[in-house]
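# Survey of secondary and tertiary structure
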Amino acid sequence: MHTLISQFWQLTFSGAVQGFIYILISLGYTMVYGVLRMINFANSEIFMVGTFATIVVSRDILGHQPNSGDLHGFTLIYSMLFCLIASMLASGITAVIVELVAYRRLRSRGTNRLAPLISAIGMSIVLSESVSLLTAGRATIAPEMLHKSSLFTVLGANIRVDQLLVFIVAPIMFFGLQRFVNHTRLGKGIRAVSMNEETAKLMGVNLNRVISITFLIGGLMTGAAAFFFETVYEATKFNIGFNIGIAAFTAAVLGGIGNIRGAFVGGLTLGLLETYASAVLGSQWKAITVFVVLVLVLLVRPNGLFGEAIQQSRV
Amino acid sequence: MSTKNSLRNFNIRDKGAAIWSGWNRFQRTSFGIAMILLAGALPFAGNYSFSNFLNTPISNFADVLVYPVGMFVLMSLGLNIVVGKSGMLDLGYVAFFAIGAYTMAICGKWTDLNTWEILPLGIAFAMIAGVLLGIPTLRLRGDYLAIVTMGFGEIVRITALNTQKIGGPNGMANVPNPPSIHTPVGVLDFNIMTPNSFYWFVLILILLTIWMIRRLSVRRPGRAWEAIRQDEDAAELMGVPTLKYKIWSFTLGAGVGGAAGVVYASKTLYVSPDAFTFNISVLILSCVVFGGIGNIWGVVLGGVFLAYLPERIRFISNARQLVFGLTLVIIMNFRPDGILPRKKREKLHAPAAESGAK
């Protein structure tokens, strides 16, 4: 308890950073759930692919090494941009492939709801095991691009430059996505499908295209989260997606799965709660605290804090 | 195209049911006994040249039959009560398995009780956990229930991991084996050298579970579950006490998981939190859906196949999980209702419930 009070602002800041990463990943769950009413089980592996894409690009294409020192100036900016785009694309394309392989055929045949879930589980095993074979199951260290120096201190909290980057860029991406869903033609299509698939089809929405694009956008956001994760933690492994995927899914449910604004609130709440809980109870209990809070929230509000459905994201 | 379609619509279950309904009581009984004897003789299959293709490389065939095959079939049957019969998605089934296993380990080490006395205890604890979890959470529906049960599974595992008194991350070693049973034909020993006795014991548990499910299916609880699965609101309106029967289904499923846990702990003599990860829940659920959700024989087949496959292909040790994943994707794409789907009749009557909230 003492740690919580004495380092409150420090914890709040790192919790928020963690929360922003969760928000971006949980968009991969929540968008797909909004249009398909199905859990995108492979999203944790889509995240994992993004982390590896970041490392492969910075290490093998740009030639940075874990010990080659920090980057500065122009090199730093273009390296980071390049990695971010690569990570987003890799995750986005993986997500589209997952939709094609695991969902499309089953969806068009209108089967029971569990069959796509199992085939998505199958896809996620395939993805993580392929990467495990390629990396021999070992952890991979990312080259340090951004020196983790503390920039300034606010209310006793050290603001680190990598965390500040997440703190600024992640919300921008989130609000960009929200604008896209609310103000573009494609976004309108996505909202229409999430409201009523049949009617949307009758109104001339190309269902397959909208669903592919939803997966793509979810993947792009998850990929961005993967890049941010690598900037802060600088290591990955074939099974890294598992725990963070569960956390992000919990965040999506906490806010009301299928609801974009809910993902924001859910992710932020979860990130903060996790950080506070590990300060008070010790980090080994943080997962339990999160689940207990989730259960309590669901008991009071069975549809999450903000209720279901993407269409409600219009403010 | 036509061959593809006929393959898609080919339903072994209906063919089997047609043959079965043509039989008289004597034929049915003798077929049942023959199948049970065949299942009982399975551990010896590895010894004969005509059946040794079944043998698993690296691990002992009879051991594989107990864990994972027997355990997975037992747990799949238990989970099938929850997911298949009453249509609730449970992603934390491993919690009940863990509770059973830890009951065995704690009571076996700290008290004088033997496995046969702990078995009902383990079942009871798992069922109590099922009720305690069920009362608050079964008001939730669909995917919210899924995440809460998943959370429960993780809570149980993390609690075991962080409680030093029951070994923490190291788990508990030296769990006692079950005592020998004296039968008229000889003594049935239970130790590391006799996987066959464990297999027969699991087989008996599986048969009991199948018997229980079949009895319940045609009685009030079974009908209530069926109504809840097809349309929960309609069932409630027709006067089915849905919450009560959902809790019952959850609790019975939990009890079966607890029984599996007790046997597991006294077979492997060692329990640790690593054995009760979320992956096991997913695997069991895969067994249920893969084999044919809601259909007992499909679930048994799914459990046997998915537990046996990774052991059988251990020679490609590194890629076996990959092959496992591919198998899941391919089979679900071509047979989305599982290998042995449930009766077509039920589906014709409930197209809306089957396609879910889509």
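Not measured: the values here are computed from a predicted model. (Residues numbered from 1 in each chain as written. Chains lettered and ligands numbered in written order. Predicted model: local features only at pLDDT ≥ 70, side-chain atom pairs only at ≥ 80, totals over all residues. Heavy atoms only, no water.)

### Description of the overall build of chain A
This is how it is decided: Only DSSP runs of H or I covering at least 4 residues are called helices, and only runs of E covering at least 2 are called strands; the numbering of each starts at the N terminus. Throughout, the radius of gyration refers to the C-alpha atoms, and the reference size of a globule is 2.2 Å times the residue count to the power 0.38. Per-residue accessibility, obtained with a 1.4 Å probe over protein chains only, is compared with the maximum for each type, and a residue is labelled buried under 20%, exposed over 50%, and partly exposed between these values. Should any heavy atoms of two residues lie within 4.5 Å, those residues are counted as being in contact.
Secondary structure summary: chain A contains 12 helices and 4 strands in total. Here the C-alpha atoms of chain A give a radius of gyration of 19 Å, agreeing with the 20 Å that 2.2 N^0.38 yields for 315 residues. Projected onto its principal axes, the C-alpha positions of chain A cover 55 × 45 × 35 Å. The proportion of buried residues among the 315 residues of chain A is 59%. When contacts within chain A are restricted to residue pairs at least 6 apart in sequence, long-range pairs at least 24 apart make up 78% of them.

### Points about the environment of asparagine 162 of chain B
With respect to the helices and strands, the residue asparagine 162 of chain B is situated in helix H7 (residues 142–162). Asparagine 162 of chain B gets classed as buried once you look at its relative accessible area, which sits at 17%. In the structure, asparagine 162 of chain B is positioned 111 residues away from proline 273 of chain B in sequence and 9.5 Å away in space, judged by C-alpha atoms. Once you skip the residues sitting within four places of it in the chain, asparagine 162 of chain B turns out to touch Gln284 and Trp285 of chain A.

### Digging into helix H6 (residues 115–137) of chain B
All names here are of chain B. To keep it simple, the criterion reads: The length a helix should cover is 1.5 Å for every residue beyond the first. Pairs of N or O atoms are called polar contacts if they sit within 3.5 Å, as long as, within protein, a hydrogen donor faces a hydrogen acceptor (for residues adjacent in sequence, only side-chain-to-side-chain pairs).
For H6, built from 23 residues, the straight-helix expectation of 33 Å at 1.5 Å per residue is met to within 8% by its first-to-last C-alpha distance of 32 Å. Of the positions making up H6, those classed as buried are Thr115, Ile118, Leu119, Gly122, Ala126, Ala129, Gly130, Leu133, Gly134 and Thr137. Capping of H6 at its N-terminal end is provided by asparagine 114; its side-chain oxygen lies 3.0 Å from the backbone amide nitrogen of tryptophan 116.

### Quick look at the interface of chain A and chain B
We apply this condition: Accessible area that two parts lose when put together, with a 1.4 Å probe and added across both, is what the buried area reports. We define a salt bridge as a side-chain nitrogen of Lys or Arg found within 4 Å of a carboxyl oxygen belonging to Asp or Glu. Polar here means any residue other than Ala, Val, Leu, Ile, Met, Phe, Trp, Tyr, Cys and Pro, which are nonpolar, and Asp, Glu, Lys and Arg, which are charged; Gly is therefore polar.
Opposite the 50 residues of chain A that make contact, chain B presents 43 residues. Each partner contributes to the roughly 4200 Å² buried at the junction of chain A and chain B, and carbon and sulfur atoms together form 74% of this total. Where chain A meets chain B, there are 0 salt bridges. Listing elements by their share of the side of chain A that touches chain B, those giving two or more residues are helix H2 (8–36), helix H4 (73–109), helix H5 (114–134), helix H10 (241–255) and helix H12 (286–300) of chain A. The residue makeup of the side of chain A that touches chain B, split by class, is 31 nonpolar, 11 polar and 8 charged.

### Considering unusual backbone geometry
Proline 68 of chain B follows tyrosine 67 of chain B through a cis peptide bond whose omega is 10 degrees. Summarising the element assignment, proline 68 of chain B is placed in helix H4 (residues 61–85). Unlike most non-glycine residues, alanine 136 of chain A shows phi in positive territory, near 55 degrees. As for its position among the elements, alanine 136 of chain A is in the loop between H5 and strand S1 (140–141). The phi torsion at leucine 269 of chain B lies on the positive side, around 65 degrees, for a residue other than glycine. Inspection of the secondary structure assignment puts leucine 269 of chain B in the loop between helix H11 (242–268) and helix H12 (278–292).

### A closer look at the packing of aromatic side chains
The line we're drawing: Here a Phe, Tyr or Trp ring, Trp counted by its six-membered ring, pairs with any other such ring whose centre lies within 6.5 Å, and the pair is stacked when the planes are under 30 degrees apart, edge-to-face when over 60, and tilted otherwise.
For the structure shown, the criterion picks out 33 aromatic pairs over all chains. Ring centres 5.5 Å apart and planes at 75 degrees place the aromatic pair phenylalanine 20 of chain A and phenylalanine 167 of chain A in the edge-to-face group. Taken together, the positions of phenylalanine 20 of chain A in helix H2 and phenylalanine 167 of chain A in helix H6 (residues 161–183) put the pair 147 residues apart, joining distant regions of the chain. For phenylalanine 167 of chain A, a relative accessible area of 33% corresponds to the partly exposed category. Their ring planes at 55 degrees and their centres at 6.0 Å tell us that tyrosine 102 of chain B and phenylalanine 276 of chain B sit as a pair that is tilted. In this pair, tyrosine 102 of chain B sits in helix H5 (residues 94–110) while phenylalanine 276 of chain B sits in the loop between H11 and H12, placing the two residues 174 residues apart along the sequence.

### A word on the confidence of the model for chain B
Residues and elements named next belong to chain B. Short version of the rule: A residue's pLDDT is simply how confident the predictor is in it, with values from 0 to 100.
Considering every residue of chain B, the mean pLDDT works out to 85; 92% of them sit at 70 or more. Looking at the elements of chain B, mean pLDDT is at its lowest for helix H16 (residues 351–355), recorded as 43, and at its highest for H5, recorded as 95. Low pLDDT, under 50, characterises residues 346–358; the predicted model gives this stretch 23 contacts beyond four residues in sequence or across chains.

### Remarks on the confidence of the model for chain A
Per-residue pLDDT for chain A averages 86, and the proportion of residues at 70 or more is 96%. The element-level mean pLDDT for chain A is lowest in helix H1 (residues 2–6) of chain A, coming to 76, with helix H9 (residues 207–233) of chain A highest at 93.

### Section: the packing of H4 of chain B against H11 of chain B
Residues and elements named next belong to chain B. This is how the line gets drawn: Fitted lines through C-alpha atoms serve as axes, helices being fitted only where they are in contact, and the angles separating the N-to-C directions of these axes extend from 0 to 180 degrees. Put simply, angles under 35 degrees are roughly parallel, angles over 145 are roughly antiparallel, angles from 65 to 115 are roughly perpendicular, and the rest are oblique. Helix crossings get a hand from a simple test, with the near helix turned counterclockwise from the far one by less than a right angle marking a left-handed crossing and a clockwise turn marking a right-handed one.
Contact geometry for H4 and H11: axes closest at 7 Å, N-to-C directions at 170 degrees. As summarised for this structure, H4 and H11 are arranged roughly antiparallel, according to the angle between their axes. Once H4 is placed against H11, the crossing between them reads as left-handed. Listed contacts from H11 to Asp63, Val66, Tyr67, Met71, Leu74, Met75, Gly78, Ile81 and Val82 of H4 are Ser249, Phe250, Leu252, Gly253, Val256, Ala260, Val263, Tyr264 and Lys267. Among the residues forming the contact of H4 with H11, the class breakdown is 13 nonpolar, 3 polar and 2 charged.

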